[in-house]
Amino acid sequence: MPRDLADMPGQGLDAFFGADGIAIVGASDDITKIGGRPIHLLKKYGYRGPIYPVNPRGGEIQGLTAYPSVRDLPTAPDLAILVVPATATADALRDCAARGVRGAVVLSSGFCEAGPDGQALQDELLGIARDAGMRLLGPNCLGSFSVANGVIGSFSIVLEDSMPKAGNVGIVSQSGNIGSFIVQNVALRGLGVSHFIATGNEADVDVADGIAALARDAQTGVILCCMETCRDGGRLTQALDLARANGKPVIVLKIGETESGQAAAASHTGALAGSDAVIDAVLRRHGALRVRSIEALLEMGHAASILGRDRLPKGKRVTLVAASGGFGIMMADAATKAGLDLPPLSDATKARINEAVPTAGTNNPVDASAQMSSRPDILYKMLSALIEEPNTDATLLFLSLSLYNKRLRGVYLEALARIRESHPDRLLAVISAGPADAVSEINALGIPVFAGIDAAANGLAGLSRLTGPGGDAVRWTGESLPVDPAVFRNENAAKKALAEIGVGILPEATVQSADEAVQAADAMGYPVVLKILSEDIPHKTEAGGVALNLGDGDAVRAAHDRILNSARSHVPGARIDGVLVTPMAGAGTELIMGVSRDPVFGPVVMVGMGGIFAEVLGDVALEPAPVTPAQAEAMIRSLKMFPILDGARGRERGDVAAAARTLSALSEFACRHADDVAEIDLNPVLVRAEGQGVVALDALMIPHAKV
């Protein structure tokens, strides 16, 4: 396909999942070899299309006619699997292009992972594929397969003994081994797989392609993804947006660090906007759920697969119920730590609980006592009352040892079956460690089972993020404009540019002598601040280039000479533009705001509490730029120390709305000038009392050339 069509994530991947005809180039009679296993697997699992072994010797391979070249095939296969040495792959791919193959899987290694020569070979493959309008998977990959269609372009050992059953779980992984492990464990959980794709070196087909293709696939209901890195942020976010629009939850295990984590940060903002935090923010903004372990990926994927899109929690309100008050307290602690809400139950629900079990406690969590499981009808009445509570999004039932007891197991399974039949659209989840066959029975009812209290709390919180409002995927659609290079010279120039977009600043003057400094201070009124102005001294305090709270002319004169001498001593040869004089700012709460340009995802906006709190406590919020004022306010309110800004302990409330407008304007400025500006640092931004606005007390802009 043309290059512009290949830029649309997911286009052309039907050749890998629904191929009509498959050629294996480098085919072998030995089913233990990579060139022999795809043929063996295709035959074993009943692939219905033609299978064409290709080997220069011709003859017969695994009972099938072999052909010397793809060019000699009687029909053009949709898919070719290339298992030849790296140096022979380009010629084999040219043969595929000449025969009209639509997709090629290069299982062979020896490409970009092998150094510059291998990179050149990989680039050659990509050029051939692009010119032919062919999608290329790999090289150095484990390939792909479709369970429902029996299409196999892989040598994975996960297929050696059995094919997973067909189902709604689609799997995308850059790592073939991790992907195979996920497939195996999905199958062990009793779930079915739709399609699998391992992208390897990603010369062409990447993780974004896999997500987008599965998002369009009718057989796929939930997408599990293992991602090591992202090479194209725009394609990934397009794919995630498509999955969200099509109601396909995406759960991502992101491992390793992106390239941006290797870059030295030039500003506080750059240091705080680490690559891992950026990928977190991107995934959250575009509706995907990030998990931190394979176990969590499997557990969340299992629950999402069982529930389907329509029964995922619509919010974070959860009702907890256990036969023990102690377990209820543990559940409440875990739920609160996970960010779930425990709303009080309505009077009508409380009355129904007591009607079913007169001795039950009716707070949330509900202490239902052992009476709830004495008979199936009692348990059914109890659960019906809870699951119909209007002020909840999910009901979570704790079972300790009950399923190990034959009598109680019968009570619970009967009641749960009746609940699912009578309330097919409501979310009920269970906490139980087993036994495995009982858990499988409950899962078969469409009820997810979590092995522990913490896993259940984190699981429901994660599932709620798959359907919650999250962040609107705002994209910058304006022009990219050059910025006046003067903004990079010093604080004064940077502030003037930001003032033009509505960022509040104090009056200030640039002076060239102590006498001018005193004159400026006299005009402004005392106390004042003096700062060195130099593009070679971005961090003025460390250079002794700042003097605060100067109360008279003598103090200003002495401070002027002191900071000049200190700056010249700290950075010999620094270009000094003068000294900045500005009034002391007065009372307020300090924030740090900034923008850092991620090499993959572009401008990322950051806000945190000022002073030492952002760096020492890591109390920052990140979002891809731009952000709306509403999104900016949500970022500010998410800070752990937001209560300080919100009037804690009798403090005046800060002007949060003005801070949000400033952060939003800063994010738009960064997008507008993204080609020139690498980082922006406003540290601190003083948030005054509600209604009095904010002022940026310091500003630093860094061009791309300095990063």
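1. A short note on the overall build of the protein chain
- A tally of helices and strands in the protein chain yields 24 helices and 29 strands.
- Seen through its C-alpha atoms, the protein chain measures out along the principal axes to roughly 95 × 80 × 35 Å.
- Every one of the 707 residues in the protein chain was classed for burial, and the buried ones make up 57%.
- Charge centroids of the protein chain, computed over 62 positive and 80 negative side chains, lie 6 Å from each other.

2. Here we look at the pattern of salt bridges
- In total, this model carries 36 salt bridges according to the counting rule given.
- With a shortest N-O distance of 3.1 Å, Asp437 and Arg409 are connected by a salt bridge. Of the two residues, Asp437 sits in helix α16 (residues 436-444) while Arg409 sits in helix α15 (residues 406-422), which places them 28 residues apart along the sequence.
- Judged by relative accessible area, which is 43%, Asp437 ranks as partly exposed.
- Here Arg575 ties to Glu535 by a salt bridge, and the two come within 3.7 Å at their closest N and O atoms. With Arg575 in the loop between α20 (553-570) and β23 (578-583) and Glu535 in the loop between β21 (528-533) and β22 (546-550), the pair connects residues that are 40 residues apart, well separated along the chain.
- For Arg575, a relative accessible area of 48% translates into the label partly exposed.
- Members of the salt-bridge network, linked through shared partners, are Arg130, Arg135, Asp204, Asp206, Asp209 and Arg235.

3. Things to note about empty space enclosed by the protein
- According to the stated counting rule, one finds four cavities of 30 Å³ or more in the structure shown.
- Reported here for the largest cavity is a volume of approximately 60 Å³.
- In terms of lining residues, the largest cavity is bounded by Gln174, Glu202, Asp206, Val207, Ala208, Met227, Thr229, Cys230, Arg231, Asp232 and Leu236.
- Looking at the lining of the largest cavity residue by residue, the class counts come to five nonpolar, two polar and four charged.

4. Describing the layout of surface pockets
- By volume, the largest pocket amounts to about 1,200 Å³.
- If you trace the largest pocket, you find 43 residues lining it, with Asp280, Arg284, Leu289, Lys316 and Arg465 closest to the centre.
- Contributions of two or more residues to the lining of the largest pocket are made by α10 (275-285), β14 (289-291), α11 (294-307), α17 (453-467), β26 (620-624) and α22 (629-637).
- For the lining of the largest pocket, the leading source of residues is α17, giving seven residues.
- Its residues assigned to classes, the lining of the largest pocket shows 18 nonpolar, twelve polar and 13 charged.

5. Points about the side chain of Asp598
- With respect to the helices and strands, the residue Asp598 is situated in strand β24 (residues 589-598).
- Only 2.8 Å separates the side chain of Asp598 from the backbone nitrogen of Val600, close enough to count as a polar contact.

6. Points about the packing of aromatic side chains
- In total, this model carries three aromatic pairs according to the counting rule given.
- The interplanar angle of 85 degrees and the centroid separation of 5.8 Å between the aromatic rings of Tyr52 and Tyr67 together place this pair among those described as edge-to-face. On the criterion of sequence distance, the pair formed by Tyr52 in strand β2 (residues 51-54) and Tyr67 in the loop between β4 (64-65) and β5 (79-82) is long-range, its members being 15 residues apart.
- When the ring centre of Tyr380 is taken as reference, the NZ or CZ atom of Arg418 above it lies at 4.0 Å.

7. Observations regarding the pairing of β26
- Extensive coverage of β26 is indicated by the burial of four of its five residues.
- Both strand β25 (residues 602-609) and β26 contribute to a ladder of five bridges, which runs antiparallel. Paired with Val605 across the strands is Glu623, a residue of β26.

8. Section: the environment of Arg465
- By secondary structure assignment, the location of Arg465 is in helix α17.
- Overall, the relative accessible area of 42% leaves Arg465 in the partly exposed class.
- Considering only alpha carbons, one finds Arg465 and Ile644, 179 residues apart in sequence, at a separation of 27 Å.
- Sequence-distant contacts of Arg465, that is, excluding residues within four places in its chain, are made with Arg244 and Leu289.

9. With respect to the pairing of strand β13 (residues 250-254)
- Within β13, five of the five residues are buried, which leaves it mostly tucked inside the rest of the structure.
- In terms of strand pairing, strand β12 (residues 222-227) meets β13 through five bridges, oriented parallel. Note that in β13 the partner of Met227 across the bridge is Lys254.
- Handedness of the crossover joining β12 and β13 through helix α8 (residues 233-245): right-handed.
- Pairing analysis gives three bridges linking β13 to β14, with the strands arranged parallel. The partner of Val252 across the bridge, within β14, is Arg290.

10. Some details on the environment of Pro343
- Relative to the helices and strands, Pro343 is located in the loop between α12 (325-337) and α13 (347-356).
- Once the C-alpha coordinates of Pro343 and Asp29 are considered, the two residues, 314 residues apart in sequence, prove to be 65 Å apart.
- Not counting residues up to four positions away in its chain, the partners in contact with Pro343 are Arg317, Val318, Asn364 and Asn391.

11. Notes on the packing of helix α4 (residues 86-99) against helix α5 (residues 116-132)
- For the pair α4 and α5, the least separation of the axes is 10 Å and the interaxial angle reads 0 degrees. One finds that α4 runs roughly parallel with respect to α5. Here α4 contributes Ala86, Thr87, Thr89, Ala90, Leu93, Arg94 and Ala97 to the contact with α5, which in turn contributes Leu121, Glu124, Leu125, Ile128, Ala129 and Ala132.
- Residue composition of the contact of α4 with α5, grouped by class: nine nonpolar, two polar and two charged.

12. Points about α17
- Here α17 is 15 residues long and its end C-alpha atoms lie 22 Å apart, about the 21 Å a rise of 1.5 Å per residue gives.
- In terms of residue burial, α17 counts as a mostly covered element, since eleven of its 15 residues are buried.
- Of the residues making up α17, those classed as buried are Ile453, Ala456, Ala457, Gly459, Leu460, Ala461, Gly462, Leu463, Ser464, Leu466 and Thr467.

13. Here's the deal with the packing of helix α19 (residues 514-524) against α20
- Contact geometry for α19 and α20: axes closest at 9 Å, N-to-C directions at 140 degrees. Classed by the angle they form, the pair α19 and α20 counts as oblique. Crossing of α19 against α20: the hand is right-handed. Contacts between α19 and α20 involve Ala514, Asp515, Ala517, Val518 and Ala521 from the former and Gly553, Val556, Arg557, His560 and Asp561 from the latter.
- Across the contact of α19 with α20, the residue classes tally to five nonpolar, two polar and three charged.

Conventions and cut-offs
- Residues numbered from 1 in each chain as written.
- Predicted model: local features only at pLDDT ≥ 70, side-chain atom pairs only at ≥ 80, totals over all residues.
- Heavy atoms only, no water.
- Helix = DSSP H or I, 4+ residues; strand = E, 2+ residues; numbered from the N terminus.
- Buried < 20%, exposed > 50% of the residue type's maximum accessible area, 1.4 Å probe, protein only.
- Lys, Arg positive; Asp, Glu negative; His and termini not counted.
- Charge placed at Lys NZ, Arg CZ, Asp CG, Glu CD.
- Salt bridge = Lys/Arg side-chain N within 4 Å of Asp/Glu carboxyl O.
- 1 Å grid on protein atoms, 1.4 Å probe; cavity = no way out; pocket = protein on both sides within 12 Å on 5 of 7 lines; lining within 4 Å.
- Points joined across faces, edges and corners; volume = space filled by probe spheres on them.
- Nonpolar A, V, L, I, M, F, W, Y, C, P; charged D, E, K, R; others polar.
- Polar contact = N/O pair within 3.5 Å; in protein donor to acceptor, adjacent residues only side chain to side chain.
- Phe/Tyr/Trp six-rings, centres within 6.5 Å; stacked < 30°, edge-to-face > 60°.
- Lys NZ or Arg CZ within 6 Å of the ring centre and 35° of its normal.
- Pairing = 2+ DSSP bridges.
- Contact = heavy atoms within 4.5 Å.
- Right-handed = clockwise from strand over helix to strand, strands pointing away.
- Axes fitted to C-alpha atoms, helices over the stretch in contact; angles between N-to-C directions.
- Parallel < 35°, antiparallel > 145°, perpendicular 65-115°, else oblique.
- Expected span 1.5 Å × (residues − 1).
- Left-handed = near helix turned anticlockwise from the far one by under 90°.

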